[in-house]
Amino acid sequence: MSSSPEPGTTVTERRIAVVTGASSGIGAATARQLASQGYHVVLGARRTELIDDLAAEIGGTGRRLDVTDEASVAEFVAGLDTVHVLINNAGGAKGLDPVATADLDDWRWMYETNVLGTLRITKALLPALIASGDGLIVTITSIAALEAYDNGAGYTSAKHAQGVLHRTLRYELLGKPVRLTEIAPGMVETEFSLVRFGGDRERADAVYEGLTPLTAEDVAEVVGFVASRPPHVDLDQIILKPRDQASARRNIKTG
Ligand code: NAP
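Rules of the game
- Residues numbered from 1 in each chain as written.
- Predicted model: local features only at pLDDT ≥ 70, side-chain atom pairs only at ≥ 80, totals over all residues.
- Heavy atoms only, no water.
- UniProt positions renumbered as here; feature names shortened; annotations may be inferred.
- Phe/Tyr/Trp six-rings, centres within 6.5 Å; stacked < 30°, edge-to-face > 60°.
- Helix = DSSP H or I, 4+ residues; strand = E, 2+ residues; numbered from the N terminus.
- Buried < 20%, exposed > 50% of the residue type's maximum accessible area, 1.4 Å probe, protein only.
- Lys NZ or Arg CZ within 6 Å of the ring centre and 35° of its normal.
- Core = buried A, V, L, I, M, F, W, Y, C linked by side-chain atoms within 4.5 Å.
- Contact = heavy atoms within 4.5 Å.
- Near = heavy atom within 4 Å.
- Polar contact = N/O pair within 3.5 Å; in protein donor to acceptor, adjacent residues only side chain to side chain.
- Nonpolar A, V, L, I, M, F, W, Y, C, P; charged D, E, K, R; others polar.

- An unreviewed UniProt entry lists the protein chain under the name SDR family NAD(P)-dependent oxidoreductase, with Gordonia mangrovi as the source organism.
- Quoted straight from UniProt, the Sequence similarities (unreviewed entry) entry for the protein chain says "Belongs to the short-chain dehydrogenases/reductases (SDR) family."

Shown next, in the form of C-alpha cells:
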C-alpha cells in the first residue's frame, strides 16, 4: 500500500477517482488517463505491487482490494468520505464452456467478481459519491452484457446481471447528484483472455491473432471523455468495438 490514510480522513483535497481492477488492462489505463486529467486516483486490486507501482507513477494511492471480500471492501473504502468518480472495472471471465458442461466454480467466480463485486463497492461508495455533489459511476460491462454467444453463458449472464444492476441505479439515483455511464467494449487486448484460459498464453494470444482489437487505452480515453462532461450531461451507455468486430459472435475471422 503506497499510502493508507486513517479512517475518517480524506486522501486529498483534489477530485478523487476510484478505479477497481487497476492493476492491469483497462483499469490501469483508466487510472493513468484520469490522473492526467487532474484526478487523485485511488487504485484497487489484489496484486498490490502492481497498483503500488502505478500509484507512485501517477501520484495516486494504491490500496489492496478484493471485490469478492466484504472485509476487504470495507477496509478499501475507509476514509473515502468524498468520491467524485467510481470506475467499476474489476471483473473478467473464466472458461469458455457450453452450459451442458459448465463449471460451477467458474460461474461462481464470474458472479462474485463482476456482479457482487460491483454491488459491494458501489453500495460502499454511494454515500461518498452523493456527498461530492457531482458524482459519476462508470461501469465497464461488455458487449457480453448485451448479447449471448456460444459457450459464453457464464460470462454473458454475469455481465448482463452487472449491466442491469448499473441500469437500475440510473433510475434509483434520479434526483441525486450522480451520473451513471455504462461502457460496453467489444474485444480489448489485455490480460482478459489469459485469465479466461487459466494462464494458457498460446490460447489467449490466438484470440487476438488475425484482427486488430481495441487497446486498454482506447477504452480509457472514452472514460476520460465521460468524466470530463459537465454535471448535467449523462452519457448513459457507450458501446465500442474494434472495426474488425461486428458483434460478440461475428468478426473478420468468423466471417
Ligand atoms: P484484465 O487485464 O484481466 O484486468 C482485470 C482487472 O480486474 C485486474 O486489474 C484484476 O486485478 C482485477 N480483478 C479481478 N478480480 C478481482 C477481485 N476479486 N478484486 C479486485 N480486482 C479484481 O482484463 P480487462 O480486459 O482490463 O478487464 C477489465 C474489465 O473490462 C472487466 O470487467 C472485463 O469483464 C471488462 N471487459 C473486458 C473486455 C476485453 O475484451 N478485454 C471486453 C469487455 C469488457 P488483480 O488480479 O490484481 O486483483
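We are not done yet, so read on.
Let's talk about the packing of aromatic side chains
Then, number 1: Throughout the structure, instances matching the rule amount to two aromatic pairs.
Then, number 2: With a centroid separation of 6.1 Å and 10 degrees between ring planes, the pair formed by tryptophan 107 and tyrosine 111 is classed as stacked. In this pair, tryptophan 107 and tyrosine 111 are both assigned in helix H4 (residues 104-131), four residues apart and thus about one turn of the helix distant.
Then, number 3: When its relative accessible area of 30% is taken as the criterion, tyrosine 111 is described as partly exposed.
Then, number 4: Of note, lysine 94 hangs over the ring of tryptophan 109, and the distance from its end group to the ring centre comes to 4.8 Å.
Then, number 5: For arginine 229, the ring lying beneath its charged end belongs to phenylalanine 225, and the centroid distance is 3.9 Å.

Digging into the nonpolar core
Then, number 1: Counting residues in hydrophobic clusters, the biggest one holds 34 residues, and the most contacted among them are Leu34, Val41, Leu43, Ile87 and Ile183.
Then, number 2: Broken down by element, this core gets its largest block of residues, seven residues, from helix H8 (residues 216-227).
Then, number 3: For leucine 34, the contacting residues outside a window of four places in its chain are Ala17, Val19, Tyr39, Val41, Val85, Ile87, Gly224 and Ala227.

Observations concerning the site of the ligand
Then, number 1: Contacts to the ligand come from 32 residues, most closely from Ser23, Arg46, Asn89, Tyr155 and Thr190.
Then, number 2: Between the ligand and valine 67 there is a distance of 2.9 Å, counted from a nitrogen atom to a backbone nitrogen or oxygen.
Then, number 3: Between an oxygen atom of the ligand and a side-chain N or O atom of lysine 159, the distance comes to 2.9 Å.
Then, number 4: Listed by contribution, the elements that provide at least two residues to the shell around the ligand are helix H1 (25-36), H4, helix H5 (153-172) and helix H6 (192-196).
Then, number 5: By residue class, the composition of the shell around the ligand is 13 nonpolar, 14 polar and five charged.

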